[in-house]
Amino acid sequence: MSDVVTSQPHVGVGVGADVVSVMIANFTNRYDEEEGTFVVYEIVTTCGKDNALALPEGPTHVYRRFSNFRYLSQYLNAAHPYVIIPPIPEKKVNFSLEKLAVDVTEEDFLRRRKDAFSLFLNHVMGHPILREDKGVHAFLLDEDWTSKLLYTDVITNEEVLYTGTSWRDSFSNFTISRKGNPPPTEFVNFKNFSTIWFDNIASALKAHENLAISFQDTVDVHEDLKAGYRELAHVEDRLKAPLMSTAKVMGKISEVTDRKLMYEQRDVAEALFNLVLYSGSIKTFLKHEAIANSQKENAKEALTSKQNTLNALVDPENSKGIGSMWTRLTTSKSEEKIESLKQEVEQLELSSEQSQENYNVFVEKALEEIKYFHTVKQKQMMRIFRNFAEIQQKHASAMIKQWSNVKSAVKTTTQTVADDDDIVEE
């Protein structure tokens, strides 16, 4: 998996004048008296002087930890609720492939996490909206990056600083209770599609996971065969050369062919797993639509309620119902009160119109995002399975070659035994 992340597809050798390249170069431990030891990842961003994002020229080195990536992800959800934000790797290891022998040390695990963060940045910088975000640029270039995470509040339409609480609290505390019209058909279809899609990917992931585990067992089997042939080679001197040759081939199958396939198979499974992580991103995306709809409907209800209060005072004869009667009994019918209510109604009308407009804009942008997601993920899926087919083809060719060598060694052994038997008979 490559560590190089680019915001544009036409990357040549080196860094051209119009290119922005991002690379997670390394990771290291740091110590803090309050937090203890933690891992940071070194991000190197190199910008050409005429790059399309208008970023300052030259390489910049910054260090980010897991919590920084998570904070950026939450900010992007707040700033771009109509975008399916690329997922970051999980904090804890829940994926059984992470526990295979290929990750026998913490450094192995952190190296693969570095790859996952590289993939996250790849997707962010590859997205036509996210790569233009000033907060993303600050994350890549500035030490004081959190002070530059500005976004437009959907309620006030004012630019505010993301503090890590506004979006997270409103999102986690929101309980979906649909009001008004159902979601647009495209959202319903996308939800149904994503459910089926992720179920199929999860099934494919499980199959690839089992393959990777079986390949690990195959490595052990061939290692045992290598040891067995070596032991047999010392039983009789006349079989030593061909048996040692066979043992050598078994070792090569284990160390080169099987182990390489195990690593490559694991990469395929991890690519599928990264797609599975998008299920959480899509749930968040769909919940944003429900929140936008709720804000729209709440604004309508507030306007209707205030309008009814005003009507009950201005035109009591045509205002019926217990609510209107209670309003007439408990509200002073002064001109000042009526005028105040009219002003409140006007403000609520503007608020309702703005909420409706916000929702319309959200839906328009979200539908474009759904199209973009379909296009990009379909290409990724085809690339994953094409790579898998190529891996299997290369492995099959390598195995044919290695087993041909085994056949030759066995044939030599057979011929040696036959020749010796002829000598004994004579």
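Residues numbered from 1 in each chain as written. Predicted model: local features only at pLDDT ≥ 70, side-chain atom pairs only at ≥ 80, totals over all residues. Heavy atoms only, no water.

(A) Summary view of the overall build of the protein chain. What the protein chain contains, in helices and strands, is nine helices and six strands. When each of the 426 residues of the protein chain is scored for burial, the buried share is 42%. Restricting the contact set of the protein chain to residue pairs at least 6 apart, pairs at least 24 apart contribute 73%. By element, 52% of the accessible surface of the protein chain is carried by carbon and sulfur atoms, the whole surface being about 23600 Å². (Helix = DSSP H or I, 4+ residues; strand = E, 2+ residues; numbered from the N terminus. Buried < 20%, exposed > 50% of the residue type's maximum accessible area, 1.4 Å probe, protein only. Contact = heavy atoms within 4.5 Å. Areas by Shrake-Rupley, 256 points an atom, 1.4 Å probe, with all protein chains shown as cover.)

(B) Spatial organisation of the packing of aromatic side chains. Counted by the stated rule, this structure contains 21 aromatic pairs. Note on F187 and F285: the rings are 6.0 Å apart at their centroids and 15° apart in plane angle, and the pair reads as stacked. Placement of the pair is F187 in helix α5 (residues 185–233) and F285 in helix α7 (residues 278–314), with a sequence separation of 98 residues. Across the pair, exposure class does not vary: F187 and F285 are buried alike. Aromatic ring contacts, followed pair by pair, group F27, Y41, F66, F69, Y71, Y75, F117, F120, F139, W145, Y151 and Y162 into a single cluster. Note that R65 overlies the ring of F38, its terminal NZ or CZ placed 3.8 Å from the centroid. Taking NZ or CZ as reference, K296 lies 5.0 Å from the ring centre of Y359, over its face. (Phe/Tyr/Trp six-rings, centres within 6.5 Å; stacked < 30°, edge-to-face > 60°. Lys NZ or Arg CZ within 6 Å of the ring centre and 35° of its normal.)

(C) Examining helix α1 (residues 66–79) more closely. The first and last C-alpha atoms of α1 sit 20 Å apart over 14 residues, in line with the 20 Å expected at 1.5 Å per residue. For α1, the tally of buried residues reaches 11 of 14 residues, placing the bulk of the element in the interior. Residues F66, N68, F69, L72, S73, Q74, Y75, L76, N77, A78 and A79 constitute the buried set of α1. (Expected span 1.5 Å × (residues − 1).)

(D) Local environment of the pairing of strand β2 (residues 20–32). Across 12 bridges, β2 lies against strand β3 (residues 36–47) in antiparallel orientation. By the bridge assignment for β3, T28 is matched with V40. Counting the residues between successive antiparallel strands, the hairpin from β2 to β3 contains three residues. (Pairing = 2+ DSSP bridges.)

(E) Structural view of the pattern of salt bridges. Counted under the stated rule, the structure contains eight salt bridges. Between R65 and E35 there is a salt bridge, with its nearest N and O atoms 3.0 Å apart. One end of the pair, R65, is in strand β4 (residues 58–65); the other, E35, is in the loop between β2 and β3, and 30 residues separate them in sequence. Between K371 and E368 there is a salt bridge; the shortest N-O distance is 4.0 Å. Taken as a pair, K371 and E368 lie in helix α9 (residues 335–425) at a separation of three residues, close to a single helical turn. (Salt bridge = Lys/Arg side-chain N within 4 Å of Asp/Glu carboxyl O.)

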